[in-house]
Amino acid sequence: MSEKKPNDKKYNRSSKKEKRNNRKKIFLIIISVILLVAIIGTGIVVGMVAGIIKDAEQIDASNIYDLLDESSFILDSEGQVIEKVQTDQYRAIRDYSQMPDHLINAFIAIEDERFWSHNGLDVKRIFGAAWTNLRTGSRQGASTITQQLAKNLYLTHDQTYTRKIQDMYYAVQLEKQLSKDQILEAYLNTIYLGSGAYGAQAASQVYFSKDVGDLTIAEAALIAGIARNPRRYQPIISIEKHQVDEDRHYVLDDSDAILTIVYNDQFQSRQNLVLRNMKNLGFITEEEYNNALEENIKENLKPNRMVADNLSSYFGDLVREDVVNALINEKGFSRDEATTMLFTGGLRIYSTMDVGIQRILDEEFSKPSNFTDQHGNPLLEVGEDGNYQPQSAMVIMDHSTGEIKGIVGGRGINGRRVYNRALHPRQPGSSIKPLAVYTAAIDQGMTAATVFDDIPVYFDRGDSSRRYPLNFNRSYNGLMTMREAIEQSNNVAAVVAINQLGNNNDSTAFNIMFDYMERMGISTIVRPENPYITPSGRRLMDSTYSTALGGMTHGVSPLEMTAAYSVLANEGVYIDPITFTEIRDRHGNLILENKAAQQRVVSPEAAFIMTDMLRTSVTSGTGRRARIDQYNSQIPVAGKTGTTNSQKDAWFTGYTPYYVAATWIGFDTPDTLPQGSGMSASLWKNVMERVHQNYSPKNFDMPNNIVRANICTKSGKLLTEYCTQDPRGNTAKTELFIRGTQPTEYCDVHVKADIHAPTGKLATEHTPPWEIESRIFIKRPVPYNPADHGGIVPRDYQYELPTKHYDPLEDGMGFPPFLNGSPNGSIDEDMLNDLLDQGYDAEYFDDYMDDMENPQDIIDSVEND
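These lines cover the structure that appears in this document, whether it is placed above or below.

Cut-off values and rules
- Residues numbered from 1 in each chain as written.
- Predicted model: local features only at pLDDT ≥ 70, side-chain atom pairs only at ≥ 80, totals over all residues.
- Heavy atoms only, no water.
- Pairing = 2+ DSSP bridges.
- Helix = DSSP H or I, 4+ residues; strand = E, 2+ residues; numbered from the N terminus.
- Axes fitted to C-alpha atoms, helices over the stretch in contact; angles between N-to-C directions.
- Buried < 20%, exposed > 50% of the residue type's maximum accessible area, 1.4 Å probe, protein only.
- Expected span 1.5 Å × (residues − 1).
- Contact = heavy atoms within 4.5 Å.
- Core = buried A, V, L, I, M, F, W, Y, C linked by side-chain atoms within 4.5 Å.
- Salt bridge = Lys/Arg side-chain N within 4 Å of Asp/Glu carboxyl O.
- Parallel < 35°, antiparallel > 145°, perpendicular 65-115°, else oblique.
- Left-handed = near helix turned anticlockwise from the far one by under 90°.
- Nonpolar A, V, L, I, M, F, W, Y, C, P; charged D, E, K, R; others polar.
- Phe/Tyr/Trp six-rings, centres within 6.5 Å; stacked < 30°, edge-to-face > 60°.

Some thoughts on the sheet that holds strand β6 (residues 251–253)
Part 1 of the argument: Across the sheet, which stays open at both edges, the three strands sit in the order β5-β7-β6 with antiparallel pairing between neighbours. The open sheet terminates on both sides in strands that have one partner only, identified here as β5 (236–240) and β6. This sheet shows a mean twist of 45° between the axes of neighbouring strands, independent of strand direction.
Part 2 of the argument: Direction of pairing for β5 relative to strand β7 (residues 259–263): antiparallel, over a ladder of five bridges. Bridged to Ile-236 within β7 is Tyr-263.

Focus on the pairing of strand β2 (residues 81–84)
Part 1 of the argument: Where strand β1 (residues 73–75) and β2 come together, three bridges link them in antiparallel fashion. Within β2, the residue paired with Leu-75 across the bridge is Val-81.
Part 2 of the argument: Here β1 folds back onto β2 in antiparallel fashion, the turn holding five residues, of which Gly-79 has a positive phi close to 85°.

Some remarks on the pairing of β7
Part 1 of the argument: Along β7, four of the five residues are buried, which leaves the element largely enclosed by surrounding structure.
Part 2 of the argument: The pairing of β6 with β7 spans two bridges and is classified as antiparallel. Bridging across to β7, Asp-253 finds its partner in Ile-261.

Considering helix α22 (residues 677–691)
Part 1 of the argument: The end-to-end C-alpha separation of α22 is 21 Å, in line with the 21 Å expected for 15 residues at 1.5 Å each.
Part 2 of the argument: Along α22, the residues classified as buried are Ser-677, Gly-678, Met-679, Ser-680, Ala-681, Leu-683, Trp-684, Val-687, Met-688 and Val-691.
Part 3 of the argument: Its buried side turned inward, α22 meets α15 (355–365), β11 (391–397), β21 (638–643), β22 (649–655) and β23 (660–666).

Details of the nonpolar core
Part 1 of the argument: The biggest cluster of nonpolar side chains holds 127 residues, and the ones touching the most others in it are Ile-349, Met-394, Ile-396, Tyr-438 and Met-688.
Part 2 of the argument: Listed in part, the 59 residues of the second largest apolar core include Ala-92, Tyr-170, Phe-208 and Ile-236.

A short note on the pattern of salt bridges
Part 1 of the argument: Applying the stated criterion across every chain, the model contains 33 salt bridges.
Part 2 of the argument: Linking Asp-649 and Arg-426 is a salt bridge whose minimum nitrogen-to-oxygen distance equals 3.0 Å. Of this pair, Asp-649 sits in strand β22 while Arg-426 is found in the loop between β12 (404–408) and α16 (433–443), placing the two residues 223 residues apart along the sequence. Take Asp-649 and Arg-426: they sit in the same class, and that class is buried.
Part 3 of the argument: As a salt-bridge pair, Arg-483 and Glu-735 come within 2.6 Å of each other at their nearest N and O atoms.

Comments concerning the packing of helix α13 (residues 313–331) against helix α14 (residues 335–344)
Part 1 of the argument: For the pair α13 and α14, the least separation of the axes is 9 Å and the interaxial angle reads 130°. Taken as axis vectors, α13 and α14 run oblique relative to one another. Remark: the crossing between α13 and α14 carries right-handed chirality. Every residue of α14 that contacts α13 at Arg-320, Glu-321, Val-323, Val-324, Asn-325, Leu-327 and Ile-328 is listed here: Arg-335, Ala-338, Thr-339, Met-341 and Leu-342.
Part 2 of the argument: Residues that form the contact of α13 with α14 fall into these classes: seven nonpolar, two polar and three charged.

Focus: the packing of aromatic side chains
Part 1 of the argument: Applying the stated rule across the entire model yields 13 aromatic pairs.
Part 2 of the argument: When the centroid spacing of 5.9 Å and the interplanar angle of 65° are considered together, the rings of Phe-365 and Phe-371 count as edge-to-face.
Part 3 of the argument: Ring geometry for Tyr-659 versus Tyr-695: centroids 5.9 Å apart, planes at 85°, classification edge-to-face. With Tyr-659 in the loop between β22 and β23 and Tyr-695 in the loop between α22 and β24 (706–712), this residue pair connects regions lying 36 residues apart in the sequence.
Part 4 of the argument: A relative accessible area of 6% places Tyr-659 in the buried class.
Part 5 of the argument: A network of ring pairs unites the aromatic residues Tyr-250, Tyr-263 and Phe-267 as a single cluster.

Some remarks on the environment of Arg-519
Part 1 of the argument: Turning to its location among the elements, Arg-519 is positioned in helix α19 (residues 506–519).
Part 2 of the argument: Separated by 82 residues in sequence, Arg-519 and Val-601 have C-alpha atoms that sit 6.3 Å apart.
Part 3 of the argument: In contact with Arg-519, not counting residues within four places along its chain, are Tyr-574, Gln-599 and Val-601.

Don't take any of this as a statement about function, it's just geometry.
Next comes the structure, spelled out in C-alpha cells:
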C-alpha cells in the first residue's frame, strides 16, 4: 500500500498561479510596449505634422485670383470674341452669382456632400474612406472641395503624405479666411475639367459652346462628373485624322487640318451617379432626374476650338506679337513678363479686325479661280511643304485710323500658319515708284504736268554705255507727262525724275528716295553706311537707281506697303498700322490704350495730286483690272501695279476713300509667274468689290488749294492753238496743280512750219508753192539724234520738226498742178484759178513757166544760194 503525499495538490495550484502571473506580466509588458510605441509614434507623427505645418508657407486668401491663370481673348472691332490666346489651358473666371444652382449642387453632390457643414475637413468621410481602403485595398479619396481648392492654388499634385497634410492644413486656413460662397466660386474657377478647360465656364464653352449659366441639369452633371478623372470622363477627345475609324468614332468636329474631335461615351456612368446623388440629396426632383437621364448629350455637344470659325489665324498671331511689344514698350515689362501676362493674365484685347472683311479675305484666298494662268487654269502646284504655289498675301487697313481690318498671309495652308507672308518683304517692282520717286517729286515742286523725255538713257553706274533702265516693253514713247508716266508704268521717267530731284547727283538722289520711303514707314532700306553682307561676302545696298524701280536688297512687306500708301490716302499723314485699340483686365479695367502714332510726310495738296494720278492709273492705265466699278467713278480706286524682273513678284497696292490694301502674289522660292501684276490687280478687285458692297459712292476729298489749268501734255505748259492741231490728236488736258505751281508760260514744243509735202523737208523760197504744206510739229527742248543711240527712235520722233530743207537738186522741181503733170500739157484753168484764189501770185507762175523753159536758170539760182 502506497503512501499519500498531502502537498501535491497545493503544489499544483501554486504552479498554475505562477504561470498566470507570468502571462499577465508578459501581456502588461506587450501593452506597455505598444502604448510606448504608440506614444512615441504619435509624438513622431505629431512632430512630423507640426514640422510640415511649420514649414508650410502662410497663405493670404484675399489675393486668391492673383494665383489663377486665366486665358486671354482677342475680340473684334465690335467686341465679339474671335480667338482665345492659344495655350494648353483655357480658363474663364465667373462670379459665384453667375453659376447656376444646379451646377453648384452637382459638384457638391459628387465631390463633397457635407460641404456646407464642415470646417474644411470631413472627418466622417476620412474615416469612411480609410476603412474602405483597408477593407478593399482601393484608394478612395476623402478630399473636400476646400482641400481640392487648396491643392489647386498652393500645392502640386504629388501623391505624398506631406502634400496631403499640407492641403488639410491649407483647407482649414481657407475656411477661416473665406466664406463658403467664396470657396465655391474659387473652386469652380480652378478645377480642371478636361480638354484644356480650367473651371466650369471654360468647360461649358469647350464642350457646349455656351455660357455656364445656360447649362442644363444633365450638362451640369456631366461637367461635375469629369473632376474625378478628366482624362477618362471628358465627353470629347481629339485624335489625328489618320486614326479616325468611321465604325468606332462619332465625329463632332473635323474642321482642323490635323486633329479631329470625336465623341467619348465613358462619362455616362459618372454622369448618372452625379444625377442620382443630386436626387437623393434633394437637389433635383424625380421628374428632373428622369428628364436629365433622357437628355441626348451627344446632340448637345458643340466642341469649341476657341477660334472663330473659318477665320484666319494670321491676324491673331500679329495681335499677340503687337500686345507683347506694347507691354514691353509702354509698361516696361520684360519679354517674359509680357508673354506671361498675355497667356495667363485673363486679358481682353480689343482688336481692330472687321470680321466681315476678314471673312471675305479668307473666302477669296480659298478660291482657285483667283489664282490662274493666262488661260484661266487654276494654279494648284503643291510645294515640298504641302502648300499651294504660287502663294499670296494681302492686308486691308483703314487709312484714317491705321486700324488693320483684315490680313491673310498665305493660301491653301496646311497645319499651323507659321509663316505670315504679309509680314515678310518681297521685291515691290513698280509699285514702289509713287513712294520712292513721284511723291517726293510733287512735294519738291514738280507737277503732274512735268514732262519727261522717254528716250534711251544711261544710268547704269557700272557701265555708262549700257542703256538703263529699259521699259517693260523695250520701247520708248518720247515726251510724256508725269501722269502719263505713272499710267504707263514708265521706267525711264521714274529714274530721270529722281535724278533731276538730286540735281544729277546720284548720292543726293538716293538720299531723297530713302528719306521719303522711311518717312512712309518702310523699314527695310539698306543704306550704304550699313550695307548688307551676304554669306559670300558681297556688300549689298539700295543706293542704286534700281531702287526707284523696285529692285531692292530686301524688298517691302505687304503690311509696310499698305501703310506707306496710306500716307497718300490719308492726306499726307503717315499713321502706324495697329492691330488692337486697348487691353483690359478681366474686370474691365483699362491696362493700355493703343493710339496709332502719326506724322506728316507731305502736304494734303501733294497727297491729293498723287492720289489723282494714281486714280487715272487705274481708270486708264496698268491698274485697270482693279476698278470696282466700270468707270472708276462711284467709289474710285487709286493705285499702282508692280511686277519684278522675270515676273517673279506681282503686286497691286491701292486705296479708295474708305480703305487701303496691298496684294502680293509669288512663289515662296522666287520663280516666274504665268501672269504679272494683272493677276494681283484682279484679286485685289475681287476682294475690295465685296468689301465696299454696302458703301455709298464717295470721292477723294480735294483740298481748297488745288487749282485747274488747261495744259499741253507735250510741254506741260499753257495751251496754244497749235496744241489742239497735233497730228496725233488734241494734246490739251485739264490738269490739277497745287496753287502756285501751275504753268505761266505757253507751249513752245508745238511749232508750225511749212514743209515740202512730198519729202517732208522744211520748205524754202525755192519750194514749189503747190508742194508746200503748213503742218504742226514738236520741237524737243533737248534735240534727239537717233544716231547717238544706235538708231533707236521714240514713238513721237516722226512728229519731230524736220531738220533738213527742201533741195530742188535732190527733191526735184515738180510741175504745177494746172499743167496736168507736163510742162507741155494743156492748162487746167479752173485749177489755176483755184490756186490764185488761195493767194498764189500770178506773176510767180509766169516766172516759173519761164524757168521751166530755161531750167538752167533755176539750177544756177539754187547753186548760188
